[in-house]
Amino acid sequence: MAILAVKIDTLATLGMNEFFDYAGYCWAVSRNRASDEATGVELEDFYEGTVQSGYMQEVPVVFLYENQIIGWYEKADVYRYIRHPALFLEGNIRTETRNARRLKRPAKIPGDEIVFPEDKNYLVIERGDIRYETLTAFISDNKGPFEVIEYARVIVDSRLKGGQLSRKAGKRLTNQGQALLLLMQCEALAAEIMEDRCPGIGTVKGFYELALDATRYDSSNVNGWYYLAMANYQLGFVKKGLKAIERALKLEPEGDDLLVMKGNLLVSNRSFEEALRCYEAAYELNPDDSYYIMAGRACVCMGNSVAANQYYRRVKDASVLKEFEITLSRKRFR
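On a predicted model such as this, the values are computed, not experimentally measured, just so you know.

**Q** Can you help me understand the nonpolar core in this one?
**A** Buried together is how nonpolar side chains tend to be arranged in soluble globular proteins. Of all hydrophobic cores here, the largest spans 71 residues; its most connected members are Phe 207, Tyr 227, Ile 245, Met 261, Val 267, Tyr 279 and Ile 293. Take this core: its biggest share by element is 10 residues, from helix α5 (residues 222-235). Not counting residues within four places of it along the chain, the set of residues in contact with Val 267 comprises Leu 87, Phe 272, Ala 275, Tyr 279, Ala 298 and Cys 301. Leu 4, Phe 46, Phe 63 and Ala 100 belong to the second-largest nonpolar core, a separate cluster that totals 25 residues.

**Q** Explain the environment of Ala 281 here, please?
**A** Along the chain, Ala 281 falls in helix α8 (residues 272-285). A C-alpha to C-alpha distance of 41 Å links Ala 281 and Tyr 73, two positions 208 residues apart in sequence.

**Q** Whenever I open this one, empty space enclosed by the protein confuses me. Can you help?
**A** A full pass over the atoms with the stated rule returns 1 cavity of 30 Å³ or more. Taken as a whole, the largest cavity holds about 70 Å³ of empty space. If you go around the largest cavity, the residues you meet are Val 6, Lys 7, Ile 8, Asp 9, Thr 10, Thr 13, Glu 18, Val 29, Arg 31 and Arg 33. Looking at the lining of the largest cavity, its residues break down into 3 nonpolar, 2 polar and 5 charged.

**Q** Just checking my understanding: could you explain the pairing of strand β3 (residues 55-65) for this structure?
**A** The side chains of a regular strand alternate, first on one face of the sheet and then on the other. Counting buried positions over the 11 residues of β3 gives 8, a clear majority of the element. Bridge count between β3 and strand β4 (residues 68-86): 8 bridges; the pairing is antiparallel. Along β4, the bridge assignment pairs Tyr 55 with Tyr 79. Between β3 and β4, which follow one another and run antiparallel, lie 2 residues, and Glu 66 among them has a positive phi close to 50°.

**Q** Any chance you could explain helix α10 (residues 305-312) here in plain terms?
**A** Owing to its 3.6 residues per turn, the α-helix aligns residues three or four sequence positions apart on the same side. Taken residue by residue, α10 has Ala 307, Ala 308, Asn 309, Tyr 311 and Tyr 312 as its buried positions. On the buried face of α10, the contacting elements are α8, α9 (289-302) and α11 (318-323). Where α10 begins, the side chain of Asn 304 points an oxygen toward the backbone nitrogen of Val 306, at a separation of 3.3 Å.

**Q** Explanation requested: the packing of helix α7 (residues 256-268) against α9 in the structure shown.
**A** Two numbers describe a pair of packed helices, the interaxial angle and the distance between the axes. Where α7 contacts α9, the two axes come as close as 11 Å, and the packing angle between them is 10°. Here α9 runs roughly parallel to α7, going by the angle between their axes. Contacts between α7 and α9 involve Asp 256, Asp 257, Val 260, Asn 264 and Val 267 from the first element and Tyr 291, Met 294, Ala 298 and Cys 301 from the second. For the contact of α7 with α9, the residue count by class is 6 nonpolar, 1 polar and 2 charged.

**Q** What should I look at first to understand the state of the cysteines in this one?
**A** Throughout this description, disulfide means a covalent bond between two cysteine sulfur atoms. One pass over the structure, following the stated rule, counts 0 disulfides. Just so you know, Cys 198 is unpaired, no disulfide at all, and the nearest cysteine sulfur is the one on Cys 186, 13 Å from it. We note that Cys 301 lacks a disulfide partner, and the nearest cysteine sulfur, in Cys 299, lies 9.1 Å from it.

**Q** Mind showing me how you'd approach the pairing of strand β1 (residues 3-7) here?
**A** Within β1, 4 of the 5 residues are buried, which leaves it mostly tucked inside the rest of the structure. Pairing between β1 and strand β7 (residues 122-125): 4 bridges, direction antiparallel. In the sheet register, Ile 3 faces β7, and the bridge partner there is Ile 125. Looking at chain direction, β1 and β3 are connected through 4 bridges and run parallel. Each bridged residue has a counterpart across the sheet, and for Val 6 the counterpart in β3 is Phe 63.

**Q** Is there a simple way to think about the pattern of salt bridges in this case?
**A** For side chains bearing opposite charge, pairing can occur when the charged atoms are close. This structure, assessed with the given rule, holds 14 salt bridges. The partner of Arg 94 in a salt bridge is Asp 77, with the nearest N and O atoms 3.8 Å apart. Highlighted residues: Arg 94 in strand β5 (residues 89-96) and Asp 77 in strand β4, separated in sequence by 17 residues. With relative accessibility at 21%, the residue Arg 94 sits in the partly exposed group. Salt-bridge contacts for Asp 129 lead to Arg 131; the nearest nitrogen and oxygen are separated by 2.8 Å. Classification of Asp 129 as partly exposed rests on a relative accessible area of 22%. Via salt bridges that share partners, Glu 42, Asp 45 and Lys 120 belong to a single interconnected network.

**Q** I'm lost on unusual backbone geometry in this one. Help?
**A** Leave glycine aside and you will find that most residues have negative phi; peptide bonds, for their part, are mostly trans. Of note, the amide linkage connecting Gly 144 to Pro 145 takes the cis form, showing an omega dihedral of 10°. Located in the positive-phi region is Ala 23, a residue other than glycine, with phi close to 55°. On the secondary structure map, Ala 23 appears in the loop between β1 and β2 (25-28). Of the residues examined, Ala 23 reaches a relative accessible area of 36% and is grouped as partly exposed.

**Q** Honestly, the side chain of His 84 in this entry has me stumped. Any pointers?
**A** Structurally, the position occupied by His 84 is in strand β4. If sequence neighbours within four positions are ignored, His 84 has contacts with Leu 89, Glu 90, Arg 270, Val 300 and Cys 301.

The rules behind each value
- Throughout this document, residue positions are counted from 1 along each chain, in the order its sequence is written.
- Reporting of local features is limited, given that this is a predicted model, to residues whose pLDDT is at least 70; pairs of side-chain atoms are given and counted only at 80 or more, and all residues count toward the totals for whole chains, interfaces and linings.
- To obtain the side-chain values, all non-hydrogen atoms of the structure were used and water was disregarded.
- Residues belong to a common nonpolar core when they are buried Ala, Val, Leu, Ile, Met, Phe, Trp, Tyr or Cys residues joined through side-chain atoms within 4.5 Å.
- Burial classes: relative accessible area under 20% of the type maximum marks a residue as buried, over 50% as exposed, and values in between as partly exposed (1.4 Å probe, protein chains only).
- Strands here are runs of E lasting at least two residues and helices are runs of H or I lasting at least four, both read from the DSSP assignment and numbered beginning at the N terminus.
- Throughout, a residue-residue contact means that at least one pair of heavy atoms, one from each residue, lies within 4.5 Å.
- Computed over the protein atoms alone on a 1 Å grid, cavities are sets of points where a 1.4 Å probe fits but cannot get out and pockets are open sets with protein on both sides within 12 Å along at least five of seven lines; a residue lines them when it has an atom within 4 Å of a point.
- Grid points are joined across faces, edges and corners, and a volume is the space filled by probe spheres set on the points.
- Under the scheme applied here, ten amino acids are nonpolar (Ala, Val, Leu, Ile, Met, Phe, Trp, Tyr, Cys and Pro), four are charged (Asp, Glu, Lys and Arg), and all others, including Gly, are polar.
- Strand pairing is assigned whenever DSSP detects at least two bridges linking the two strands.
- Two N or O atoms count as a polar contact when they lie within 3.5 Å, although within protein this holds only if one can serve as hydrogen donor and the other as acceptor, and sequence-adjacent residues are included solely when both atoms are side-chain atoms.
- Angular values range over 0 to 180 degrees, each being the angle between N-to-C directions of two axes fitted as lines to C-alpha atoms, with helices fitted over their stretch in contact.
- An angle below 35 degrees is read as roughly parallel, one above 145 as roughly antiparallel, one from 65 to 115 as roughly perpendicular, and any other as oblique.
- Note on terminology: pairs of cysteine sulfur atoms within 2.5 Å are recorded as disulfides.
- Should a side-chain nitrogen of Lys or Arg be within 4 Å of a carboxyl oxygen of Asp or Glu, the pair is scored as a salt bridge.

Right, here's the structure in full:
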């Protein structure tokens, strides 16, 4: 089987995309992340692929940034079209997390430089190509050191040890007071995640543990259940997330942000129609244009670009479309 070399546009995506443990899998994309193209890779570029091929199995994938190797998947499924495991996670390359290797220090490409085509972020390197031999030898001989990616083994972000201090400091407080200390940290981490400042799964794992403790100290605080649902959503623990958000909605049935989080989780659960109802209900409670963006993206996950454009056209503030990098189709649909 050929090696698929993929160009990384920015290192900022690695910790939350290519090398992030989402429910046991890592996801990568072989087109530019800024593009909205549905096709990730033309599989006929593989010697064994044809225009009818939907995906290729057990393909070694190497990730490169500025002529350096960042990491690799020992074997992966490579899909022609972009898939959406979650509302804000996309990819056409999937591997079990145990097969993903991210180098702590990028390494120079052995042998000749790899030059990508101008119109593609990937290059198929077949057997018989000298680069195939050098890359295969590099992967098999390299012993790291590697970043820890698997959720069960990853260490909580060292910055979050303050949560332990919060518990100690809160020993003289009521349970509600202890929960509030933890929720203050959860609020800061939620902002970090939403603003794309999160360095990786260690932070999200810590976020999950802080939110879980908050619900244990005070199960009547809706914010604890909301943050717990958010952490589960980010990690791909969809059933746990849905249970948490249902607890939140029992406490605050008309929370528009709660309904949006439930919608996001339902998209991950492939319950698209129910998710759209959540976004519509949230908009009725609070006419926030971003809720129509969520609904449109849910339609994209369904594979219905027509319905997605209909939602996007309902957005009143054009700056919201720009913020989410949404380009309206010129064609109007009835």
